[in-house]
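Descriptive analysis of the structure
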Amino acid sequence: MKARIKFRKYGALRFIGHLDVMRFFQKVMRRADIPIAFTGGYSPHMVISFASPLGIGLSSDGEYFDIELTEAVASRDAVARMNEACVEGIEVLSFRKIPDEKKMTGMTILAGASYLVTPEEEVLPEDWRERFREFLSQPEIRILKQTKRSEKEVDIRPLIYGWEIREDSLYLQTAAGSAENLKPDLVMHAFLNFLGLKGDPGLFRYHRLEMYADMGEDGARRLVPLEALGKDWEITNEKEDSD
Amino acid sequence: MRKLALSDEILLKVEKPARYIGGEVNSVMKEKEKVDIRFAMCFPDVYEIGMSHLGMQILYDMFNRRTDVWCERVFSPWLDLNRVMRKEGIPLFALESQDPVKEFDFLGITIQFEMCYTNILQILELGGIPLYAKDRTSEDPIVIGGGPCTYNPEPLADFFDLFYIGEGETAYEELLDVYGECKSRRMSRQEFLERAAQIEGIYVPAFYDVKYHRDGTLASFTPNREAAPQTVKKQVLMDMPDSVYPLSPVVPFIKATQDRVVLEIQRGCIRGCRFCQAGMIYRPTRERNVEQLKEYARAMLKNTGHEEISLSSLSSSDYSELKELVTFLISEFKGKGINISLPSLRIDAFSLDVMSKVQDVRKSSLTFAPEAGSQRMRNVINKGLTEEDILDGAGQAFEGGWNKVKLYFMLGLPSETEEDMRAIARLADKVARRYYEIPKEKRNGKCQITASSSFFVPKPFTPFQWAPMYPAEEYKRRAAIVKEEFQAQLNRKSLRYNWHDAQTTVLEGVMARGDRRVGKVIEEAYRLGCLFDSWTESFRYDLWGKAFENTGMDLTFYTQRKRGRDELFPWDFIDVGVSRKFLWQEWERAMEETVTPNCRAQCSGCGAARFGGGVCYEGKN
């Protein structure tokens, strides 16, 4: 059986990279005694997969990973135990049962992510909200995207699924996952270019809000938070009662 | 939320920002207003190295058990952050509170290897603490040093207020009590140091005057006030079962060099290899209780979440309950996805059996440390291992499916001849030959024998403390001879040979047996830009050479000079329990190529029995 765990990452823990977050949670599993399944062989590994890495420096309210369990655990209990084993900067928000099919795990179904982008003071001109509207009204936004092997020009406009101005910040919903992926700093980089300003990723604070699966049919997009695809386990933990 | 000493901008710019943020699992937070003593414990190298050190975890745990003390950790900022901190005037901070080190009562520095000495000066300077103890005031923390290098603290004497000589578990409580009392009674720094000097194991360098002969050797080393004892006694933990052990060690976010639970099974070593400082200064050998170790293992795995556990000791095969412990670890944890990492065990039927259970035979390698190639040389260094032992062990391992072997040697040992050097390559070849004796269809492809050699550095409190060293070129020449001999071997294609850098060896030799005057070379080297000298990418031999030149100091005086039997050594004021008489006797026996039996086989009367326990009293209760 499988479980999906949602967590948030904030404060000093923004400086812990993705690989170290994975290692961190492997240790949390042991400290919290979560009955996680292992692969076989000489050096068995936990069956654990993260939806999408979060860059260093970013905070998030919507990080996910899926695990395979050897026995069911009550959601409330699991969340409490995991938080007990966590540190300031990482908080487990939910622990839900998800369907067993392989194609339903976080990494495979991930289709979008939303962010809150906040410019540092005086980085952008005062009318940036207006200018951002203009920027996104362009039929295409072509940028140079670095891939592992080469650079290629891509149009990122279709990968921006939604946006709105929220006071001093900007809400962005973009494509995420293995098929199409757009990081918010690329959008801001393009925006700075559009404004004729020099780009520096340190000028904005990025906060991931949520990650989504596309549950739409017949080509219509319907983004649903990954968490919504799971159900809380409401079992009473017999083992604990008998202890 | 915890504050951070470094801005987001800096943290995003430096390599591995997790080195500087603290907040790890099991790190200890307290309210600074509610403690009397703030202790900054520093390992003067990068975080990943320092966090792998068991001794620091033990003291961190022990200090923080006291409600009146908050102990925090400090590591060397790597070169990138070092530049930023200097440019922006950011003071060195401790990880937990992120407060400047200068605000602390103590800055404790553990000194594990000689090549970190310039890093110690970096710590002081970035901390805003005067380099020289004599220039410090009540505004500065008390700077205290500990660890193996303090068995000759003299090259660092001017930079420290105090040294703690010996194992930390014993006298620190008293030192902290005395400090707490002095602080509450607003006593001066000087008054505190005088009281501290009366605690057994505490050495206050400023309280001793040093005079030299015309030839540069030490003439006298005398206390200059009543508070300072003539000799400083090494501290030994004799009550192992009741001692503290960190059952909830700090778990780093980033991968530390030692990313696992470490169980210290015993302290000291019965073998008495004549080059080995640890084997002398940690006498007598003391074992931990196996039942207690099992409980520790369980608790530590639970409290850390680590996926690996490893045993720590100088010679695990000599631990009398090894079989019991290893069998327990395998049966209890192997099924739970915990890796069991075994230290270099003596290769025999038992160790091969357990190793085949905990590791993939095809991927793992076996390690032997013959230390010398010829039997003659092994007799000189008192390494009990014979060629037969090695070939038998390797043979059994090869039959069991292994095909990779690592061999560790030392070059430049006292009385070493060219024949001894060449014997290293020949021994490696014999191991390979043993492999190819196995019928072709039964063996697993080619074998891979990797031999490594480091150059021998004489250390204080060893029988070889009298031994002269060689110039760097001579070490290189010796390595070249070994290399050449490797190329002449029948199985050369299955053999690999690498050797350690000769330049660091020579400097290590100066620091190891240097006197107080060496301090100014260290300072000059630091001023010239030397830092992280144990890292090849930042080691600058040219600058060290210049530092000797600028200070008018002669490197060869410390390395190549032949020391006489009765020469007064800078470290002779320390009493380690092992007598100088015994060490000299061992030096003479080495020159006669005579082996001395290990402590369990026969007591050689080294002097450590004075401590009243351990192997010296085994079976005598």
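Bear in mind that the values here come from a model prediction, so they are computed numbers and not experimental data.

1. Some remarks on the nonpolar core
Formed by 246 residues in total, the largest nonpolar core has its most connected members in Phe25(A), Ile67(A), Met82(A), Phe95(A) and Phe192(B). No other element matches the eight residues that helix H14 (residues 418–436) of chain B contributes to this core. With residues near it in sequence (within four places) discarded, Phe192(B) still touches Phe106(B), Ile142(B), Leu162(B), Leu175(B), Val178(B), Tyr179(B) and Cys182(B). Judged by nonpolar contacts, the second largest core, of 40 residues, contains Trp128(A), Met211(A), Val224(A) and Leu229(A).

2. Looking at the pairing of strand E3 (residues 106–110) of chain B
All names here are of chain B. For E3, the tally of buried residues reaches five of five residues, placing the bulk of the element in the interior. Inspection of the sheet shows strand E1 (residues 37–43) paired to E3 by four bridges, in the parallel sense. When the sheet's bridge partners are listed, Met41 is paired in E3 with Gly108. As paired strands, E3 and strand E4 (residues 142–146) are joined by five bridges and run parallel to one another. Its bridge partner lying in E4, Phe106 is registered against Ile142.

3. Considerations on the domain arrangement of chain B
Residue and element names in this part refer to chain B. Per the domain assignment, the segments making up chain B are domain 1 (8–233) and domain 2 (574–617). Taken over C-alpha atoms, the centre of domain 1 sits 32 Å from the centre of domain 2. The interface of domain 1 with domain 2 comprises six residues on the first partner and four residues on the second. On the domain 1 side of the contact with domain 2, Tyr151, Val232 and Lys233 bury the most area, a combined 73% of that side's loss. Taken together, domain 1 and domain 2 are joined by zero salt bridges. Where domain 1 packs against domain 2, one counts one residue pair in polar contact (both at pLDDT 80 or more).

4. A word on the interface of chain A and chain B
Taken together, the 24 residues of chain A in the interface contact 33 residues of chain B. Taking both sides of the interface into account, the surface hidden between chain A and chain B amounts to around 2,400 Å²; carbon and sulfur atoms contribute 58%. When the area that chain A buries against chain B is broken down by residue, the three leading residues are Phe15(A), Arg30(A) and Tyr42(A), summing to 29%. One can count six salt bridges joining chain A with chain B. The partner of Arg30(A) in a salt bridge is Glu307(B), with the nearest N and O atoms 3.9 Å apart. Scanning the region where chain A abuts chain B turns up eleven residue pairs in polar contact (both at pLDDT 80 or more). A per-class count over the side of chain A that touches chain B returns twelve nonpolar, four polar and eight charged.

5. What about the sheet that holds strand E16 (residues 404–411) of chain B?
Residue and element names in this part refer to chain B. Across the sheet, which stays open at both edges, the four strands sit in the order E15-E16-E17-E18 with parallel pairing between neighbours. Strands with a single pairing partner mark the edges of an open sheet, and in this sheet they are strand E15 (366–371) and strand E18 (495–499). Mean inter-strand twist for the sheet, computed between neighbouring axes without regard to direction, equals 20°.

Procedures and definitions
- Residues numbered from 1 in each chain as written.
- Chains lettered and ligands numbered in written order.
- Predicted model: local features only at pLDDT ≥ 70, side-chain atom pairs only at ≥ 80, totals over all residues.
- Heavy atoms only, no water.
- Core = buried A, V, L, I, M, F, W, Y, C linked by side-chain atoms within 4.5 Å.
- Buried < 20%, exposed > 50% of the residue type's maximum accessible area, 1.4 Å probe, protein only.
- Helix = DSSP H or I, 4+ residues; strand = E, 2+ residues; numbered from the N terminus.
- Contact = heavy atoms within 4.5 Å.
- Pairing = 2+ DSSP bridges.
- Domains from an automatic or database assignment.
- Buried area = accessible area lost by both parts, 1.4 Å probe.
- Salt bridge = Lys/Arg side-chain N within 4 Å of Asp/Glu carboxyl O.
- Polar contact = N/O pair within 3.5 Å; in protein donor to acceptor, adjacent residues only side chain to side chain.
- Nonpolar A, V, L, I, M, F, W, Y, C, P; charged D, E, K, R; others polar.
- Axes fitted to C-alpha atoms, helices over the stretch in contact; angles between N-to-C directions.

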